[in-house]
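# An overview of the molecular structure
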Amino acid sequence: MKLVVLSDTHMPKKAKHLPRIMMKDLETADYIIHAGDWQTVECFHELKQYAQVIGVTGNVDSPELKTLLNKKEILSAGDFKIGVVHGHGTGKTTERRAVDAFMMDEVDCIVYGHSHIPVRKESNGILLFNPGSPTDKRRQKDFSYGILTIGGKIEAEHVYFDDKS
């Protein structure tokens, strides 16, 4: 099972369309996970054309998105549970807020965004994964998104690129 993971698209402020480099992966995705800060609902509708979208709201999302999406989701993928949250808030780090959001849940992986910083690491047996941003790299060297491959385990990788067109 292939899950394309993205966050912090900030469309249309940071990009008018999704980067072309992502299209091949979107076309072959079983699910698309978006960890918030879409900005407007058009990105949600565009992604739905490729696969089922599991998404959450972030701190800059429109009222319309907030009526369609929750702040937190848990996706069952094969034998695994994947928690999805944006990670914004006050106090603590983005990563800590994301982990704390699932303190009462049994999850194998937590996908979060907000910082625009790609992260892939394990903490207390849970895979923590931030895909970065495909449209707003901020101080990062490259734009990025992620792919989770679900089989007998969860494999996570980042896809880095330098041109968001």
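I will try to describe carefully the structure that is included in this document. (Residues numbered from 1 in each chain as written. Predicted model: local features only at pLDDT ≥ 70, side-chain atom pairs only at ≥ 80, totals over all residues. Heavy atoms only, no water.)

### Quick notes on the sheet that holds strand β2 (residues 31–34)
Hydrogen bonds between backbone groups are what pair the strands of a sheet, and the pairing can be parallel or antiparallel. Definition in use: For two strands to count as paired, DSSP must find a minimum of two bridges between them. The helix and strand labels rest on DSSP assignments: H or I over at least four residues marks a helix, E over at least two residues marks a strand, and numbering proceeds from the N terminus. Angles shown run from 0 to 180 degrees and are taken between the N-to-C directions of axes, each axis being a line fitted to C-alpha atoms and, for helices, limited to the stretch in contact. Any two residues whose heavy atoms approach within 4.5 Å at even a single point are treated as in contact.
Taken in spatial order, the 5 strands line up as β3-β2-β1-β9-β10 in an open sheet, and their pairing is mixed. Only two strands of the sheet have a single neighbouring strand rather than two, namely β3 (52–55) and β10 (154–161). Across the sheet, the mean angle separating the axes of adjacent strands is 25° when strand polarity is ignored. Sheet topology places strand β1 (residues 2–6) next to strand β9 (residues 143–150); 4 bridges connect them, and they run antiparallel. Bridge pairing in β9 links V4 to I147. Helix-sheet contacts for helix α2 (residues 41–48) involve β1, β2 and β3, and the interaxial angle to β3 is about 145°.

### Topic: the pattern of salt bridges
Threshold: Salt bridges are identified by distance alone: a Lys or Arg side-chain nitrogen within 4 Å of an Asp or Glu carboxyl oxygen. Relative accessibility thresholds used throughout: buried, under 20% of the residue-type maximum; exposed, over 50%; partly exposed, between the two (1.4 Å probe, protein chains only).
According to the stated counting rule, one finds 7 salt bridges in the structure shown. With a closest N to O distance of 3.8 Å, D136 and R138 form a salt bridge. Judged by relative accessible area, which is 10%, D136 ranks as buried. Look at R138 and you get partly exposed, because its relative accessible area is 48%. With a closest N to O distance of 3.6 Å, D142 and K141 form a salt bridge. Residue K141 is classed as exposed on the basis of its relative accessible area of 70%. One salt-bridge network, in which partners are shared between bridges, spans K92, R96 and D100.

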